[in-house]
Amino acid sequence: MREAAVVVIGGGQAGLSAAYHLKRHGVDFVVLDAAPAPGGAWLDRWESLRIATVNGIFDLPGFPKPPLDPAEPSRVAVPRYFADFERAAGLPILRPVRVTAVRPAPDGTLVVESGHGAWSTRAIINATGTWTNPVRPRYPGQETFAGLQLHTHDYVSAEQFAGLRVAVVGGGISAIQQLEEISRVATTSWYTRREPVFRDGVFDGTGIIAKVIADVEAGRPTGSVVSYTDLAWTPYALAAKERGALERRPMFTAIEPHGVREADGSFTAVDAILWATGFKAALAHLGPLHLRNEHGGIRMIGTRVAADPRVHLIGFGPSQSTVGANRAGRQAVTTLLREVLTHV
Ligand code: FAD
């Protein structure tokens, strides 16, 4: 079995930030990334998500972004930037290596298992994001639906829905972006469980992050991103409103072969359903560590799992953004040096 003082799992923004700081401190480490190439989840973003329509990409540590063309798909521009960073920083990243399990060993170390062998390590920094764990709700009759069903994870562009009657489900940023695009070429109906809240005025980033921190420090499972942030009147939200596409309907109760049963019992014919229902932290491989409490949450202190100083989760909870991921990478390394790697 190979050995490394620290194994970083995942090579997106969070994993790269951690790797940069580990290298700077001379720690023996390896990054295992399931993706075939640099870019993290940006490699898989839908084609029409342009640099102009992302919320903003924070710089990787010590490596300012070059000017990016607003019209370029983010799935091309961001991976190119990450690849340049990796080359410049000379980081030890193995790809594609998917970690299948992390187990505690009797001697107090951890064993990281993958399809390409196992590593023995003193600590892990988990940076596996959310993209590989889409939330796919189930509704009665769903298996009888004769039309097309897609999740945001598999959405490419609105052209897939041209001319169809499309139910778009979900109340987050991706749902609004995709609803706006699809409503240009198709007839849409928009379904959410809760009444969407559009926020007027400025975005209180600090207040939002404080709420997420309070949840993870108490060991509560975190909610969806939009449950903390509410929705902003972005240009695409305004465009959707103008087109009449933001008429929200309460969530349908069942799916039938050719449509959906509305909350009021009426029937709406649809040819396609887009599940823009978000993502959750991809942590299945950490199952053998039994990190979750009886409520399904993981109690955290900063980036570290409260019950296990060997395990850090970054790009998780309050650090689920490019700026948060960056800072969390540095914080995880600083904490590990203080608590676990005291004689590096
Ligand atoms: P990721 O980029 O998801 O990287 C995780 C990496 O881990 C991937 O390479 C994956 O292949 C790998 N991996 C997963 N499982 C395993 C495994 N078992 N073994 C090994 N490797 C594994 N944030 C912003 O700040 N600005 C934005 O504009 C913005 N837009 C967004 C748009 C969408 C549609 C979504 C879903 C999120 C967006 N976010 C945005 C949030 C932001 O993308 C993330 O918080 C940040 O980029 C995530 O970085 P990460 O490193 O945590 O995860």
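Residues numbered from 1 in each chain as written. Predicted model: local features only at pLDDT ≥ 70, side-chain atom pairs only at ≥ 80, totals over all residues. Heavy atoms only, no water.

Another aspect to go through is unusual backbone geometry. Looking along the chain, the bond that leaves Arg95 and enters Pro96 is cis, with omega of -20 degrees. Inspection of the secondary structure assignment puts Pro96 in the loop between β3 (93-94) and β4 (99-104). Within the chain, Asp230 stands out as a residue other than glycine whose phi angle is a positive 60 degrees. Within the secondary structure layout, Asp230 lies in the loop between α5 (225-229) and β11 (231-232). (Helix = DSSP H or I, 4+ residues; strand = E, 2+ residues; numbered from the N terminus.)

All told, the structure shown has one cavity of 30 Å³ or more when counted by the stated rule. Volume-wise, the largest cavity comes out at about 40 Å³. Classifying every residue of the lining of the largest cavity gives four nonpolar, four polar and no charged. (1 Å grid on protein atoms, 1.4 Å probe; cavity = no way out; pocket = protein on both sides within 12 Å on 5 of 7 lines; lining within 4 Å. Points joined across faces, edges and corners; volume = space filled by probe spheres on them. Nonpolar A, V, L, I, M, F, W, Y, C, P; charged D, E, K, R; others polar.)

Turning our eyes to something else, we now look at the environment of Val311. Structurally, Val311 is set in strand β19 (residues 308-313). Among residues more than four places away in sequence, those in contact with Val311 are Leu110, Ile124, Leu289, Leu291, Thr303, Arg304 and Val305. (Contact = heavy atoms within 4.5 Å.)

Moving on, we come to the environment of Ala105. Relative to the helices and strands, Ala105 resides in the loop between β4 and β5 (110-114). Sequence spacing of Ala105 and Thr234 is 129 residues, and the spatial spacing of their C-alpha atoms is 49 Å. Here Ala105 is in contact with Leu110 and Val111, once residues within four sequence places are set aside.

In the neighbourhood of the ligand, 30 residues make up the surrounding shell, with Asp33, Arg45, Asn55, Gly56 and Thr322 lying closest. Coverage of the ligand by the protein amounts to 88% of the 1000 Å² it exposes when considered alone. Grouping the constituent residues of the shell around the ligand by class yields twelve nonpolar, 15 polar and three charged. (Near = heavy atom within 4 Å. Areas by Shrake-Rupley, 256 points an atom, 1.4 Å probe, with all protein chains shown as cover.)

A separate point is the side chain of Thr109. Here Thr109 is to be found in the loop between β4 and β5. Judged by its relative accessible area of 16%, Thr109 is buried. A polar contact is formed between the side chain of Thr109 and the side chain of Asp107, at a distance of 2.6 Å. Filtering out sequence-adjacent residues up to four positions away, Thr109 remains in contact with Arg103, Pro104, Ser120, Thr121 and Arg310. (Buried < 20%, exposed > 50% of the residue type's maximum accessible area, 1.4 Å probe, protein only. Polar contact = N/O pair within 3.5 Å; in protein donor to acceptor, adjacent residues only side chain to side chain.)

Take the domain arrangement of the protein next. For interface size, the figure often reported is the accessible area lost on association. Per the domain assignment, the segments making up the protein are domain 1 (2-132 + 280-339) and domain 2 (142-196 + 231-275). Centre-to-centre, using C-alpha coordinates, domain 1 lies 32 Å away from domain 2. Across the domain 1 to domain 2 interface the summed buried area is about 790 Å²; carbon plus sulfur atoms make up 51%. Three residues stand out in domain 1 for area buried against domain 2, namely Trp46, Ser48 and Trp131, and they jointly supply 63% of the buried area on that side. For the interface between domain 1 and domain 2, the tally reads zero salt bridges. Per-class residue counts for the side of domain 1 that touches domain 2 are three nonpolar, three polar and one charged. (Domains from an automatic or database assignment. Buried area = accessible area lost by both parts, 1.4 Å probe. Salt bridge = Lys/Arg side-chain N within 4 Å of Asp/Glu carboxyl O.)

Summarising burial for strand β9 (residues 187-192): five of the six residues are buried, a large majority. Judged from the five bridges that link them, strand β8 (residues 165-169) and β9 form a sheet pairing that is parallel. Within β9, the residue paired with Val168 across the bridge is Trp190. Where the polypeptide runs from β8 across helix α3 (residues 173-182) and back to β9, its parallel neighbour, the crossover connection is right-handed. As defined by bridge partners, β9 adjoins strand β12 (residues 248-250) across three bridges and the pair is classed as parallel. Directly across from Tyr191, in β12, lies its bridge partner Arg249. (Pairing = 2+ DSSP bridges. Right-handed = clockwise from strand over helix to strand, strands pointing away.)

So, on to the sheet that holds strand β7 (residues 148-151). Spatially, five strands are ordered β7-β16-β8-β9-β12 in an open sheet, and the strand pairing comes out parallel. Strands with a single pairing partner mark the edges of an open sheet, and in this sheet they are β7 and β12. Recorded for the sheet is a direction-independent mean angle of 25 degrees between the axes of neighbouring strands. Summarising the sheet, β7 and strand β16 (residues 272-275) pair through four bridges and their orientation is parallel. Residue Gln149 lies in a different strand from β16, and its bridge partner there is Ile273. (Axes fitted to C-alpha atoms, helices over the stretch in contact; angles between N-to-C directions.)

In space, the three strands of this open sheet follow the order β13-β14-β15, with antiparallel pairing throughout. Looking at the sheet topology across the chains shown, the edges are occupied by β13 (254-256) and β15 (267-269). The mean inter-strand angle of the sheet, taken between neighbouring strand axes irrespective of direction, is 25 degrees. With three bridges joining them, β13 and strand β14 (residues 259-261) adopt antiparallel strand pairing.

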